[in-house]
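Read off the chains here:
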Amino acid sequence: MALIKEEYFGIARKIVSNMTAESWETIPHATMTYEPDVTELFKEIKILNQDCTDKTKKITINTVMLKIICEGLKAAPKMNTHLLFNRKLVRGTLKYFDNIDISMPMVLPSGEMMTVNMHDMGSKSLSEMTAAINDTIRRAKHSDMNEVMFEVSLDNTLTGLKNGKILQTVRRLYGSKTPGKHMVHSLSGSAKKKYYSIPVSERLTKHDIEQGTTTVSNLGSIYREQRGVCALLEIIPPQTTAFAVNAAQRRPTVVKDENGNEKIEVRTVLPLTIAIDHRALDYGDVVPFMKKLDEIFANPSIIHSWK
């Protein structure tokens with residue numbers, strides 16, 4: 001066996017690896033899969049876009065699913081929370097929010113993966129959600145992602161220092177700023193001055209990367225030929241839930257004909273993976289969410305009122 005390459009983590013991978021490691025070390029995950037029949041929903045989305053000539057304003061399946069998840073979270077507000085938990089003292093506090101801020105992994109024009117915070121998506125119409133996503137993509141084109149991530153990392157480090165995590169702070173600084181292969185490089189001098197002269201309305205900032213109230217990953221958009229479903233999904237603390245929208249798949253499904261008789265028909269199913277932090281939520285807390293989704297998928301024409 002011959003070593004052919006060594007790849008050292010950049011700042012984005014460092015942050016992702018640290019957060020996901022903390023997730024699996026501290027959170028008792030419970031996952032479930034919700035598999036709605038979206039055959040009629042897809043027809044309604046097609047109707048929704050039939051007069052749209054501007055591709056940038058086209059409402060995608062992803063945007064509709066984000067909206068549906070938001071509607072489900074409104075019916076189950078306990079799923080839109082942050083958890084503060086002290087295991088030594090066995091003390092826990094759930095923080096509820098009036099906004100639904102979605103942390104959404106996104107493939108940037110550079111090919112990098114970045115989790116951005118789509119703020120206040122729960123109160124937006126489908127058109128407003130589409131505009132917000134497109135604006136984030138536009139600003140990402142003018143952004144130095146290493147610099148954005150460095151801002152986030154520095155802010156997290158300083159917060160840890162304020163909370164008395166001195167050893168953690170020292171280790172992070174040593175791991176990222178010690179000269180060598182693992183050193184994190186950020187802008188300096190004229191390059192830094194030039195970059196920060198770009199208006200914040202034209203680039204991403206730490207505000208766009210900060211923690212949302214939940215995370216929604218669109219796996220289906222990354223690989224449309226996916227078969228099966230995501231079985232495990234990490235929850236990023238202090239969030240208590242995470243969702244994965246899988247690829248739409250054609251499956252044999254039991255349906256009823258006009259006389260109420262059951263028959264098997266090939267339909268389109270779009271699996272949704274739901275992960276919960278079992279310290280904060282039980283299966284019963286997810287039921288209102290699923291019931292709300294049941295209502296929406298049974299009456300998919302409702303999406304026209306969301307436009």
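Presented here is a report on the structure given in the accompanying data block.

About the thresholds
- Residues numbered from 1 in each chain as written.
- Predicted model: local features only at pLDDT ≥ 70, side-chain atom pairs only at ≥ 80, totals over all residues.
- Heavy atoms only, no water.
- Pairing = 2+ DSSP bridges.
- Helix = DSSP H or I, 4+ residues; strand = E, 2+ residues; numbered from the N terminus.
- Buried < 20%, exposed > 50% of the residue type's maximum accessible area, 1.4 Å probe, protein only.
- Contact = heavy atoms within 4.5 Å.
- Core = buried A, V, L, I, M, F, W, Y, C linked by side-chain atoms within 4.5 Å.
- Axes fitted to C-alpha atoms, helices over the stretch in contact; angles between N-to-C directions.

**A short note on the pairing of strand S8 (residues 249–256)**
So, step 1. Bridge analysis of S8 against strand S9 (residues 262–269) gives eight bridges, and the strand direction is antiparallel. Each residue of the ladder has a partner; that of lysine 256, found in S9, is glutamate 262.

**Points about the environment of alanine 244**
So, step 1. Examined against the element boundaries, alanine 244 turns out to sit in strand S7 (residues 241–245).
So, step 2. Judged by relative accessible area, alanine 244 falls into the buried class, the value being 0%.
So, step 3. Linking alanine 244 and leucine 233, residues eleven residues apart in sequence, is a C-alpha distance of 7.5 Å.
So, step 4. Setting aside anything within four residues of it in sequence, one finds alanine 244 in contact with Ser217, Leu219, Cys230, Leu233, Pro271, Leu272 and Thr273.

**Details of the nonpolar core**
So, step 1. The biggest cluster of nonpolar side chains holds 59 residues, and the ones touching the most others in it are Ile68, Met79, Phe243, Leu272, Ile274 and Phe289.
So, step 2. Of the residues forming this core, the biggest block, seven residues, is contributed by helix H3 (residues 61–75).
So, step 3. Filtering out sequence-adjacent residues up to four positions away, isoleucine 68 remains in contact with Leu41, Leu293, Ile296, Phe297 and Trp306.
So, step 4. Counting residues in hydrophobic clusters, the runner-up holds seven residues, among them Ile27, Leu233, Ala244 and Ala275.

**Some remarks on the sheet that holds strand S4 (residues 102–107)**
So, step 1. With mixed pairing, the six strands of this open sheet are ordered in space as S1-S10-S7-S6-S4-S5. Strands with a single pairing partner mark the edges of an open sheet, and in this sheet they are strand S1 (29–34) and strand S5 (113–118). Neighbour-to-neighbour, the strand axes of this sheet turn through a mean angle of 20°, independent of strand direction.
So, step 2. One ladder, built from five bridges, connects S7 with strand S10 (residues 272–277); its direction is antiparallel. Residue pairing for S10: threonine 241 is matched across the bridge by isoleucine 276.

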